[in-house]
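Observations on the three-dimensional arrangement
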Number of protein chains: 2
Amino acid sequence: MPPDLQLNRFLPYRLNILSKKVSLALATRYQERFGLSIPEWRVFATLGQEQPLSSNDIVERTAMDKAKVSRAVNRLVAAGLLDRQPHPRDQRLLRLSFSHKGRDLYAQVAPEALAWEGQLLSVLTDAERAQLWALMEKLEQRVAQEIPESVPLSDSLD
Amino acid sequence: MPPDLQLNRFLPYRLNILSKKVSLALATRYQERFGLSIPEWRVFATLGQEQPLSSNDIVERTAMDKAKVSRAVNRLVAAGLLDRQPHPRDQRLLRLSFSHKGRDLYAQVAPEALAWEGQLLSVLTDAERAQLWALMEKLEQRVAQEIPESVPLSDSLD
DNA sequence: GTTTTATCGTTTCAAATGAAACGTTATAAG
DNA sequence: CTTATAACGTTTCATTTGAAACGATAAAAC
């Protein structure tokens, strides 16, 4: 008698596919319109939250690999979107922040991202949205217990 | 005035991190215990649902790249877990199914995967689980509308 | 029947990835 | 002070990746 593992009712599987579809749909937009790759967008959006940040701050906030963050930051700096200063008190740290151009771009990108998310969430009622956050929160806390600390959240794990 | 994009309340971002954590936690287990990589597990579990399947069937069911499926299938065949036969009526198609060894392994892996999922979901009530499925279903249908057809769901989109 | 056209799975190749090594700077221990 | 240890970000290098080209088969058009 085969074990009853219904893949389309298996949370890791469904979560992966949903996450992929959402990322793909969004990525297509900011890729085409703003020329940002996914890692670049992640770094950029993170700096939109708080500035300045070190590379390591971004690693912690995004669960990205530090090599990937390093490369994304380099591209964003090269594109003139970020300023990269050495930290005055700790020479090991970078002090990353938006350039003027970066700030302008963020002012364009962020509202679009929010609007897009709004369209996506428009299929849910307010109550359902609240539920969704609560459920995801619970699951994330639960699963965090199972992950051995210091294991990086690699991008290929999907 | 900066746009109010709160990243930790931004669905694509949170979904990505949750999905990564879940995949990582689960992958660590079947990697260590059964020697299966993530793509291999995906293919393997898909065949647990229905047999025989062609490679293309698996591509459709898992949203994986066909090159990745091809490589995962090769490794599983080499490991003696799958049988690969040519389809009698269409020589282009493969007829993939479990070998005896594969069936035995599945009988071990599937219950563990289910038990693990059960632990994860144990933080939710039955009603909450039902909600979760319903919400994910709605979101997936909504986002599917935005994805141009025939765009593959690459694994690097996270 | 012959010639397109499409489909399936593999292979190729350039790009992306991430673990580990590295150089540099800071902190802790002696 | 000096030495050992740790933290930060970059770079290296082997692996993984997926888009495109490919060979082989089947279906469609003529």
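Residues numbered from 1 in each chain as written. Chains lettered and ligands numbered in written order. Predicted model: local features only at pLDDT ≥ 70, side-chain atom pairs only at ≥ 80, totals over all residues. Heavy atoms only, no water.

Looking at an unreviewed UniProt entry, chain A carries the name DNA-binding MarR family transcriptional regulator, with the source organism given as Nitrospirillum amazonense.

Here we look at helix α4 (residues 66-78) of chain A
Residue and element names in this part refer to chain A. The line we're drawing: By definition, any uninterrupted DSSP run of H or I lasting at least four residues is a helix, any uninterrupted run of E lasting at least two residues is a strand, and each is numbered from the N terminus. In this scheme, a helix's expected span is set at 1.5 Å multiplied by one less than its residue total. Between buried and exposed lies partly exposed: a residue is buried under 20% and exposed over 50% of the maximum accessible area for its type, with that area taken using a 1.4 Å probe on protein chains only. Throughout, the arc means the angular range of directions from the helix axis out to the C-beta atoms. Residues are treated as being in contact if the distance between any of their heavy atoms lies within 4.5 Å. Residues adjacent in sequence count toward polar contacts only when both atoms are side-chain atoms; beyond that, a polar contact is any pair of N or O atoms within 3.5 Å, and within protein one must be able to donate a hydrogen and the other to accept it.
Look at α4: 18 Å from first C-alpha to last across 13 residues, which is about the 18 Å you get at 1.5 Å a residue. Residues V69, A72, V73 and L76 constitute the buried set of α4. Seen from one end, α4 has its buried residues packed into an arc of 100°, which puts them on one side. Residues of α4 that are exposed and point more than 90 degrees away from the buried face comprise R71 and A78. Where α4 is buried, its residues touch α2 (38-49), α3 (55-62), β1 (82-86) and β2 (94-98). Sitting at the amino-terminal end of α4 is D65, which places a side-chain oxygen 2.8 Å from the backbone nitrogen of A67. Positive backbone phi, at 80°, marks G80, one or two positions downstream of α4.

Let's talk about the UniProt feature "domain: HTH marR-type" (unreviewed entry) in chain A
Our working definition: UniProt positions are given in the numbering used here, feature names are shortened, and annotations may be inferred rather than shown by experiment.
Under the UniProt annotation, "domain: HTH marR-type" (unreviewed entry) lies at residues 8-141 of chain A. End-to-end, the C-alpha atoms of residues 8-141 of chain A are 23 Å apart, and along that stretch the chain is 71% helix and 7% strand.

Some details on the side chain of T62(A)
When you line up the elements, T62(A) lands in helix α3. Contact partners of T62(A), with chain neighbours within four places excluded, come to R42(A), T46(A), Y13(B), I17(B) and K20(B).

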